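# Structural description and commentary
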Amino acid sequence: MNSPFYSLLRASRAFSPTSKRQFGIVLDIDGVLLRGRDLLPRTRDAIAQITHNGKFTIPTVFLTNGTNSMRAEKAQRLSEYLGLPVLPSQVVMAHSPLRMFVDLHDKHVLVVGQGPVKQIALTLGFKKVTTVDDLRDMFPFLDCGDFSRRKTDFSKYIKPSFDPLEAIILLGEPVRWEGALQIVSDVLLTNGDPGSLSHKRGTLPFPHLPVIACNVDLVWMAEKPLPLPRFGHGMFLHCLETIFEKQTGKELHYRAVLGKPTEMSYLHAAHCIQNQALDRGVEPPKCIYVVGDNPESDILGAKLFDRYLRHGGLGRFDHIDLDTFEDEVRPPALKTRRVLRRCIGVLVETGVYAEGCRLNGNIQPVSKLTAELSPREQEALRQPDFVERDLYSAIRMILSRERWTPSHSSSHSLYY
Ligand SMILES: [Mg+2]
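Calculation criteria
Residues numbered from 1 in each chain as written. Predicted model: local features only at pLDDT ≥ 70, side-chain atom pairs only at ≥ 80, totals over all residues. Heavy atoms only, no water. Helix = DSSP H or I, 4+ residues; strand = E, 2+ residues; numbered from the N terminus. Contact = heavy atoms within 4.5 Å. Areas by Shrake-Rupley, 256 points an atom, 1.4 Å probe, with all protein chains shown as cover. Donors = N, O, S within 2.8 Å, 3.2 Å for Na, K, Ca; no water. Buried < 20%, exposed > 50% of the residue type's maximum accessible area, 1.4 Å probe, protein only. Pairing = 2+ DSSP bridges. Axes fitted to C-alpha atoms, helices over the stretch in contact; angles between N-to-C directions. Expected span 1.5 Å × (residues − 1). Salt bridge = Lys/Arg side-chain N within 4 Å of Asp/Glu carboxyl O. Parallel < 35°, antiparallel > 145°, perpendicular 65-115°, else oblique. Nonpolar A, V, L, I, M, F, W, Y, C, P; charged D, E, K, R; others polar.

Per the secondary structure count, the protein includes 13 helices and 17 strands. Taking as baseline every contact in the protein between residues at least 6 positions apart, the subset at least 24 positions apart corresponds to 78%. Carbon and sulfur atoms form 53% of the exposed surface of the protein, whose accessible area is close to 18500 Å².

Moving on, we get to the coordination of the magnesium ion. Here the magnesium ion is held by the protein donor atoms Asp28 (OD), Asp30 (O) and Asp293 (OD), which lie 2.1 to 2.2 Å from it. Of note, the donors binding the magnesium ion are all from one chain and are spaced D-x1-D-x262-D. Under the relative-accessibility criterion, Asp28 is labelled buried at 7%. On the basis of relative accessibility, which here comes to 30%, the residue Asp30 falls in the partly exposed class.

Taken in spatial order, the six strands make up an open sheet running 7-6-1-15-16-17, and their pairing is parallel. Edge positions in the sheet fall to strand 7 (91-93) and strand 17 (386-388), since each of these pairs with one other strand and no more. When strand polarity is set aside, the average angle formed by the axes of neighbouring strands in this sheet is 25 degrees. On the sheet, helix 10 (residues 295-311) packs against strand 15 (287-292) and strand 16 (342-348) and is oriented at approximately 165 degrees with respect to strand 16.

Attention shifts here to helix 7 (residues 177-189). Helix length check: helix 7 (13 residues) gives 18 Å between terminal C-alpha atoms against 18 Å at 1.5 Å per residue, within 8%. Helix 7 sits mainly inside the fold: ten of its 13 residues count as buried. Where helix 7 is concerned, the buried positions are Gly179, Ala180, Leu181, Ile183, Val184, Ser185, Asp186, Val187, Leu188 and Leu189. On its buried face, helix 7 is in contact with strand 8 (108-112), helix 6 (132-138), strand 10 (167-170), strand 11 (211-214) and helix 8 (233-248). Once helix 7 finishes, Asn191 follows within two positions and takes phi at roughly 55 degrees, a positive value.

The next point concerns the pattern of salt bridges. Summed over the entire model, instances satisfying the criterion amount to 16 salt bridges. In this structure, Arg255 engages Asp103 in a salt bridge whose closest nitrogen and oxygen atoms are separated by 2.8 Å. Of the two residues, Arg255 sits in the loop between helix 8 and strand 14 (256-258) while Asp103 sits in helix 4 (residues 102-105), which places them 152 residues apart along the sequence. For Asp306, the salt bridge is made with Arg342, and the minimal N-O distance between the two is 2.9 Å. With a gap of 36 residues between them, Asp306 in helix 10 and Arg342 in strand 16 connect regions that are remote in the sequence. Per residue, the accessibility class of Asp306 equals that of Arg342, and both read buried. Each of Asp133, Arg136, Asp143 and Arg176 takes part in salt bridges that share partners, so that together they form one network.

Before going further, it helps to examine the packing of helix 9 (residues 263-279) against helix 10. When two helices pack together, their arrangement is captured by the angle between the axes and the distance separating the axes. For the pair helix 9 and helix 10, interaxial distance at closest approach is 9 Å and the crossing angle is 75 degrees. Judged on the interaxial angle alone, helix 10 and helix 9 are roughly perpendicular. Contacts from Glu263, Tyr266, Leu267 and Ala270 of helix 9 reach helix 10 at Ser297, Asp298, Gly301, Ala302, Leu304, Phe305 and Tyr308. Residue composition of the contact of helix 9 with helix 10, by class: seven nonpolar, two polar and two charged.

All quantities given are derived from atomic positions and should not be read as evidence of function.
Structure, rendered in structure tokens:
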């Protein structure tokens, strides 16, 4: 990315405006509304532009790659930060599509991450869930990275009853990476039975257990004054891929990659935006704006989704019932309508991205999304449609471009 190009984008108006009010807004959270646990300056003022009396006047969804909480909890926290009600149905999490992997719901799965990962997996439909900490407790000799905690006495070890794991769900970065990398690697190499002491080296199961990864962001921005981004789940995946390849000579294969920048997350966000419009009896948006701070995640995803909407194989996701991602069952009449035409990426400078600085990059699961494209096409997918200083400027630009004038006296124009 070169900075002169981005500077020019500040004033660019690459598309003609869509019809008045037929637009929605998708907001990233980390680096856009918050840095770490701190609300970014002007965030409440920014949100005030699209709300009235504590209710959203524009269909708005918060799309996060965060995976360490459930939707309702995230909505509650956002409500506290913003000082107005945010509904769970306005929050889209990276892990929501796990609900559709019903063939794995009855399998014994290893769930990796931090926070209430077991509860999250159970809520998403998985019935038999084991965590890395469970494996540490059951097989205490596996995690040898910390020599002070290392267990070496096998004399009294009795292998607990353990049904082999059948799939691995990588929700987010775990704590104590070195131990988690060792244990996940053990699970892969032993075909789900890491406690087995009879496993023979060189007997690599093929194919290996199904692996699903959520949230492939390499970095994220913590609280100020930390100037450099922190490692994200993508960095953990990068380590795991490298370790697997070094140990086996083979590439780690993902059955699915979820969260931004995959089109599925944007499709789900668009579905929620359309539901908000339909619930209020107004026309579903034809255009959505995605505001994010990470070119390799928010913007790449917005551009991939826009490409999909315009000519990237419409119908590719028709077999997926997006309502199954929702917590509540909706009436069948309110299915996603194919009215959405454009997805526009707006990059803000309050998070990972900083002009003239390139800290981010792709890792294998994401680069595979664009592998069939030419280098020129790949580069185009990383260029935002607009660059704005912060969320306030981004929303002001969107409203101006859509010629939206808040009509506070006219209740019929409100979505809530
Ligand atoms: Mg972000």
